[in-house]
Amino acid sequence: MIKIVDLWKSFNGQEVLRGIDLEIPKGKRTAIIGRSGGGKSVLLKHIIGLLKPDRGSIYIDGEDITRLRGERLNRIKRKFGVVFQGGALFDSLTIYDNVAFPLRELTDLDEEEIRERVERLLEEVSLSGMEGKYPDEISGGMRKRVAIARAMIMEPEILVFDEPTTGLDPITTKTIHALMTGCSRKTNCTEVIVTHRIREVLDIAHFVAMLHEGRIVEFTTPQELITSENPIVRGFITGKVKGGKLQDF
Amino acid sequence: MDLFAYIGREALVCVREMGRMMIFFFSFLYHLFRRPLRIRRVIREIYDIGVTSSSVILLTGSFTGMVLGLQGYYTLRKFGSESLLGSAVALSLIRELGPVLTALMVTARAGSAMAAEIGVMRITEQIDALDVMTLNPIKFLVVPKMVAGIIVLPLLASVFNVIGIVGGYLIGVELLGVNPGSFFHEMDASVVFKDVYGGLIKSMVFGLVLTWVCCYKGYYTGHGATGVSRATTEAVVLSSVLILAWDYFLTSVLL
Ligand SMILES: Nc1ncnc2c1ncn2[C@@H]1O[C@H](COP(=O)(O)OP(=O)(O)OP(=O)(O)O)[C@@H](O)[C@H]1O
Ligand SMILES: [Mg+2]
């Protein structure tokens, strides 16, 4: 379980997170929604230990990662698989080497086993035959899928996706959703998805948290979200009020 | 009043930068002595630096040796001591020009590439990706480059020296007619072991300095493509200046 308590963060005087309180349940898929520029990526970077908050704590399975350093922090970080908003693929490595990278660097598997696992996973994200290409030689949607494969290859306990389907066509989006549900069914992992597509929330999330002006203003199930009376949530969903902009609902 | 405020601000920026560089260096030292060593990555970096720089080292080395032969000959002839040409060429190369020019060439070729590579990795979140995989970026990216720099610079400088001496020989002996026996005999008599290892120590220090500066500048790059290009330029300029400054200090200590 991930528990965030009173998390504050500002950049050069600009307050981005202003007292986040959030509990992300284990083994479920939780979506975080909110306006573009609202601090969703910043929140994710705190959860995975990349940024240190000005104030507040983040408990991962009971341990406060904001107070951990060195090897003890690394032990927690190894629970995570992360898909960055921009993919963050290693651009000097081929697709195959990108996906094999965590196995090569962090495990003792021999090249035979690595090949087997990487090829199976690339097959699942329908990228077989692309192994030898470099990240700048494939399309944006393919890059996303490679990033997802790289995050999944270590079979982490917690998968974190920063906008996994933004800018992708409906069919690719479906494939990626199928991947997520398939993966969580297999390994029963916790998933955190940042998105601003209501459609996606309704399709795959178990819970949804809405981030607005640095705070979590709503935490419910997707069904309750669309019937919510909260004016900020209503504004975000309908895209009418100044609360938010609706993207491809 | 404004001028003082300006000077004060610049001085503060400068001090902060130096502090960050020292912290960067200490974290290099810390990770250098932590396992695993990642020998394969060090070898890979040695290969990269060597391959990118060797052709330019061969070219600059031969021309430097040739011009030393030419200049040395006309200067020495005024005193009727052309026979000393071999020792003049060898000593200037081994003690001074070999290490310094090699370091400057490697900075231009491999150092700038290092700064750009790390800078791009920073702005495209690849460094963050390494971090969440629990591969410390300093350990994984910076330590192999800096170790490779310390190892490879003396090797490249030695190549530079040998090629330079051959160039000096061609000009002095083959073209201008210095006696080949005295060319090599004087060289043999005047170059002592201290010159050679002094040159090698210089090369190692330059290798450390230039990889340190280039990795540091890339690691703390600014935003976007302009940030990376500025980081690269600053890396090359600062490395070059520091190489020449350190050359003075090392020469005064080693003499
Ligand atoms: N490293 C940083 N330095 C300074 N400001 C930052 C930094 N990272 C984020 N910010 C600021 O924090 C705010 C939130 O950014 P963030 O990337 O979290 O938005 P987001 O909710 O993920 O938006 P999007 O949906 O467009 O990705 C932005 O206003 C941004 O300017
Ligand atoms: Mg974002």
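As shown above, the structure is provided for reference.
Below, the structure is looked at part by part. Keep in mind the model is a prediction, meaning the values are calculated, not measured.

**Points about the overall build of chain B**
Okay, step 1: Looking only at helices and strands, one finds eight helices and zero strands in chain B.
Okay, step 2: Taken from N to C terminus, the helices and strands of chain B fall in the order α-α-α-α-α-α-α-α.
Okay, step 3: By its C-alpha atoms, chain B is 65 × 55 × 30 Å across when sized along the principal axes.
Okay, step 4: Within chain B, residue pairs in contact and separated by at least 24 positions form 86% of the contacts whose partners lie at least 6 positions apart.
Okay, step 5: Only carbon and sulfur atoms are counted for the fraction: they give 70% of the accessible area of chain B, which is about 12800 Å².
Okay, step 6: One way to put it: in chain B the 20 positive side-chain charges average out to a point 7 Å from where the 17 negative ones average out.

**Focus: the site of ligand 1**
All names here are of chain A.
Okay, step 1: Taken together, the neighbourhood of ligand 1 is formed by 14 residues, with Ser36, Gly37, Lys40, Ser41 and Gln85 sitting nearest.
Okay, step 2: Contact distances for ligand 1 include 2.7 Å between an oxygen atom and a backbone N or O atom of Gly37.
Okay, step 3: Separating an oxygen atom of ligand 1 from a backbone N or O atom of Gly38 is a distance of 3.2 Å.
Okay, step 4: Within the residue set of the shell around ligand 1, elements represented by two or more residues are strand S2 (14-24) and helix H1 (40-47).
Okay, step 5: If you tally residues by element for the shell around ligand 1, the top one is H1, at three residues.
Okay, step 6: A class-by-class count of the residues in the shell around ligand 1 yields three nonpolar, eight polar and three charged.

**A look at the environment of Gly181 of chain B**
All names here are of chain B.
Okay, step 1: Structurally, the position occupied by Gly181 is in helix H6 (residues 180-190).
Okay, step 2: Under the relative-accessibility criterion, Gly181 is labelled partly exposed at 43%.
Okay, step 3: A C-alpha to C-alpha distance of 9.0 Å links Gly181 and Ser83, two positions 98 residues apart in sequence.

**Observations concerning the interface of chain B and chain A**
Okay, step 1: Counting residues at the interface gives 15 residues for chain B, matched by 19 residues for chain A.
Okay, step 2: Among the residues of chain B in contact with chain A, Val132, Met133 and Thr134 of chain B are the three that bury the most area, contributing 39% of the side total.
Okay, step 3: Salt-bridge contacts for Lys45 of chain A lead to Glu125 of chain B; the nearest nitrogen and oxygen are separated by 3.0 Å.
Okay, step 4: Remark: the boundary between chain B and chain A carries five residue pairs in polar contact (both at pLDDT 80 or more).
Okay, step 5: If you list the elements that add at least two residues to the side of chain B that touches chain A, you get helix H3 (85-123) and helix H4 (126-132) of chain B.
Okay, step 6: Counting residues per element, the side of chain B that touches chain A draws most heavily on H4 of chain B, which supplies six residues.
Okay, step 7: Here the side of chain B that touches chain A is composed, by residue class, of eight nonpolar, three polar and four charged.

**Re a nonpolar patch on the surface**
Okay, step 1: A cluster of nonpolar side chains, Met1, Leu3, Phe4, Tyr6 and Ile7 of chain B, forms an exposed patch at the surface whose accessible area comes to about 650 Å².
Okay, step 2: Summarising the element assignment, Ile7 of chain B is placed in helix H1 (residues 2-32).

**A look at the coordination of the magnesium ion (ligand 2)**
Residues and elements named next belong to chain A.
Okay, step 1: The coordination sphere of the magnesium ion (ligand 2) contains the protein donors Ser41 (OG) and Gln85 (OE1), at a distance range of 1.9 to 2.3 Å. Taken together, the positions of Ser41 in helix H1 and Gln85 in the loop between strand S6 (80-83) and helix H3 (95-106) put the pair 44 residues apart, joining distant regions of the chain.
Okay, step 2: Residue class for Ser41 comes out partly exposed when judged on its relative accessible area of 22%.

**A few points about the environment of Val16 of chain A**
Okay, step 1: Within the element layout of this structure, Val16 of chain A appears in strand S2.
Okay, step 2: With residues near it in sequence (within four places) discarded, Val16 of chain A still touches Lys9, Ser10, Phe11, Gly38, Gly39, Val42 and Gly214 of chain A.

**Focus on the packing of H3 of chain A against helix H4 (residues 111-124) of chain A**
Residues and elements named next belong to chain A.
Okay, step 1: Where H3 contacts H4, the axes come no closer than 10 Å and their chain directions differ by 125°. Taken together, the axes of H3 and H4 are oblique relative to one another. Between H3 and H4 the crossing geometry is right-handed. Counting all contacts with H3, which are made through Ile95, Tyr96, Val99, Ala100, Leu103 and Arg104, the residues of H4 involved are Glu111, Ile114, Arg115, Arg117, Val118, Leu121 and Leu122.
Okay, step 2: Taken together, the residues that form the contact of H3 with H4 break down as nine nonpolar, no polar and four charged.

**Observations regarding the pattern of salt bridges**
All names here are of chain A.
Okay, step 1: Evaluation of the coordinates by the stated rule reveals 25 salt bridges over all chains.
Okay, step 2: The partner of Arg72 in a salt bridge is Glu63, with the nearest N and O atoms 3.4 Å apart.
Okay, step 3: Since its relative accessible area comes to 47%, Arg72 is described here as partly exposed.
Okay, step 4: A relative accessible area of 23% places Glu63 in the partly exposed class.

**Thoughts on the sheet that holds strand S4 (residues 55-60) of chain A**
Consider a sheet: its strands pair through backbone hydrogen bonds, and that pairing is either parallel or antiparallel.
Residues and elements named next belong to chain A.
Okay, step 1: Strand order in this open sheet of four strands is S2-S1-S4-S5, and the pairing throughout is antiparallel. Among the strands making up the open sheet, the edge pair consists of S2 and strand S5 (63-64).
Okay, step 2: Two strands pair when backbone bridges link them, and strand S1 (residues 2-11) and S4 are joined in this way by five bridges, in the antiparallel orientation. Bridge pairing links Val5 to Ser57 in S4.
Okay, step 3: In the packing of H1 onto the sheet, contacts are made with S1, S2 and S4, and the angle to S1 comes to roughly 120°.

**Structural notes on the sheet that holds strand S7 (residues 158-162) of chain A**
Residue and element names in this part refer to chain A.
Okay, step 1: On the basis of which strands lie adjacent, the open sheet formed by six strands has the order S6-S7-S8-S3-S9-S10 and mixed pairing. Strands at the two margins of the open sheet, each flanked by one partner only, are S6 and strand S10 (215-220). Strand-to-strand twist in this sheet, taken as the mean axis angle between neighbours without regard to direction, amounts to 15°.
Okay, step 2: Bridge analysis of strand S9 (residues 207-212) against S10 gives five bridges, and the strand direction is antiparallel. Each residue of the ladder has a partner; that of Ala209, found in S10, is Phe219.
Okay, step 3: This element, helix H9 (residues 231-238), spans strand S3 (29-34), S9 and S10 of the sheet and lies at about 100° to S9.

**Structural notes on the environment of Ala5 of chain B**
Okay, step 1: Within the fold, Ala5 of chain B resides in helix H1.
Okay, step 2: Sequence separation of Ala5 of chain B and Asp128 of chain B is 123 residues, and the distance between their C-alpha atoms is 37 Å.

**Considering the packing of helix H2 (residues 39-78) of chain B against H3 of chain B**
All names here are of chain B.
Okay, step 1: At a closest axis distance of 9 Å, the pairing of H2 and H3 adopts a crossing angle of 150°. By the angle class used here, H2 and H3 are roughly antiparallel. At the point where H2 passes H3, the crossing takes the right-handed sense.
Okay, step 2: Looking at side-chain class alone, the contact of H2 with H3 contains 16 nonpolar, eight polar and one charged residues.

The rules we used
- Residues numbered from 1 in each chain as written.
- Chains lettered and ligands numbered in written order.
- Predicted model: local features only at pLDDT ≥ 70, side-chain atom pairs only at ≥ 80, totals over all residues.
- Heavy atoms only, no water.
- Helix = DSSP H or I, 4+ residues; strand = E, 2+ residues; numbered from the N terminus.
- Contact = heavy atoms within 4.5 Å.
- Areas by Shrake-Rupley, 256 points an atom, 1.4 Å probe, with all protein chains shown as cover.
- Lys, Arg positive; Asp, Glu negative; His and termini not counted.
- Charge placed at Lys NZ, Arg CZ, Asp CG, Glu CD.
- Near = heavy atom within 4 Å.
- Polar contact = N/O pair within 3.5 Å; in protein donor to acceptor, adjacent residues only side chain to side chain.
- Nonpolar A, V, L, I, M, F, W, Y, C, P; charged D, E, K, R; others polar.
- Buried < 20%, exposed > 50% of the residue type's maximum accessible area, 1.4 Å probe, protein only.
- Buried area = accessible area lost by both parts, 1.4 Å probe.
- Salt bridge = Lys/Arg side-chain N within 4 Å of Asp/Glu carboxyl O.
- Patch = residues over 30% accessible without salt bridge, like charges linked within 9 Å, V, L, I, M, F, W, Y side chains within 5 Å.
- Donors = N, O, S within 2.8 Å, 3.2 Å for Na, K, Ca; no water.
- Axes fitted to C-alpha atoms, helices over the stretch in contact; angles between N-to-C directions.
- Parallel < 35°, antiparallel > 145°, perpendicular 65-115°, else oblique.
- Left-handed = near helix turned anticlockwise from the far one by under 90°.
- Pairing = 2+ DSSP bridges.

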